[in-house]
Amino acid sequence: LRSRSASPPRRRNESPRRRDNALVQSALAYWGNLWANFQDANLDELFEFEARHFEAFDPDVDEHSHEHHALHRRYRDLYERALERHLKTTLGATPQKFYAALERDAADGDAARRSTALAFLAVVRKADDYALFA
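The following paragraphs examine the structure supplied in this document. (Residues numbered from 1 in each chain as written. Predicted model: local features only at pLDDT ≥ 70, side-chain atom pairs only at ≥ 80, totals over all residues. Heavy atoms only, no water.)

## Details of the packing of aromatic side chains
Throughout the structure, instances matching the rule amount to seven aromatic pairs. Centre to centre, the rings of Phe49 and Tyr75 are 6.1 Å apart; their planes meet at 40°, and the pair counts as tilted. On the criterion of sequence distance, the pair formed by Phe49 in helix 2 (residues 44-53) and Tyr75 in helix 3 (residues 66-89) is long-range, its members being 26 residues apart. There is no split in this pair, since Phe49 and Tyr75 are both buried. With a centroid separation of 6.1 Å and 40° between ring planes, the pair formed by Tyr75 and Tyr79 is classed as tilted. Of the two residues, Tyr75 and Tyr79 both sit in helix 3, four residues apart, roughly one turn of that helix. For Tyr79, a relative accessible area of 7% gives the class buried. (Phe/Tyr/Trp six-rings, centres within 6.5 Å; stacked < 30°, edge-to-face > 60°. Helix = DSSP H or I, 4+ residues; strand = E, 2+ residues; numbered from the N terminus. Buried < 20%, exposed > 50% of the residue type's maximum accessible area, 1.4 Å probe, protein only.)

Right, dumping it as C-alpha cells:
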C-alpha cells in the first residue's frame, strides 16, 4: 500500500476553481509577453502580418484612414485565431471554457485571481482597441 502523501496530486481531483485559475495564469504568462514566444508556429501568421504592416501606422498621426481600420480588424481576427489555437493546442481548452474561467476569476473575491484575470483582459484589450493598437 502506498501512502497518500507519496502519490502525486491528481489533476482530475483538482478543484474547478484551481484549474480555472491555472488556465488564466498560463494564458497570461504566454500572451502577456508575446514577443518571447516569437518562435511559436501558432503565432507565425500574426507576426508576419505585423512585419508587413507596421510601417503603415505613424504614432504621430491623430487621424487614420479606413485602410488603417481595416488593417486593425484583420490584425484583431488573426490575434483571436492565434489565441484560440494556443488555448486548444497548448492549454487544452476551448475558448468557451477559457472565457468562463476568465469571467469567474475576474469576479472572484480573491485579489490575486481577480488581478490575474484583469491583467489578461488588459493584454487582450491592447489588440482589440484601435486607439491602443495604432
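Now that the structure has been shown, the text picks up again.
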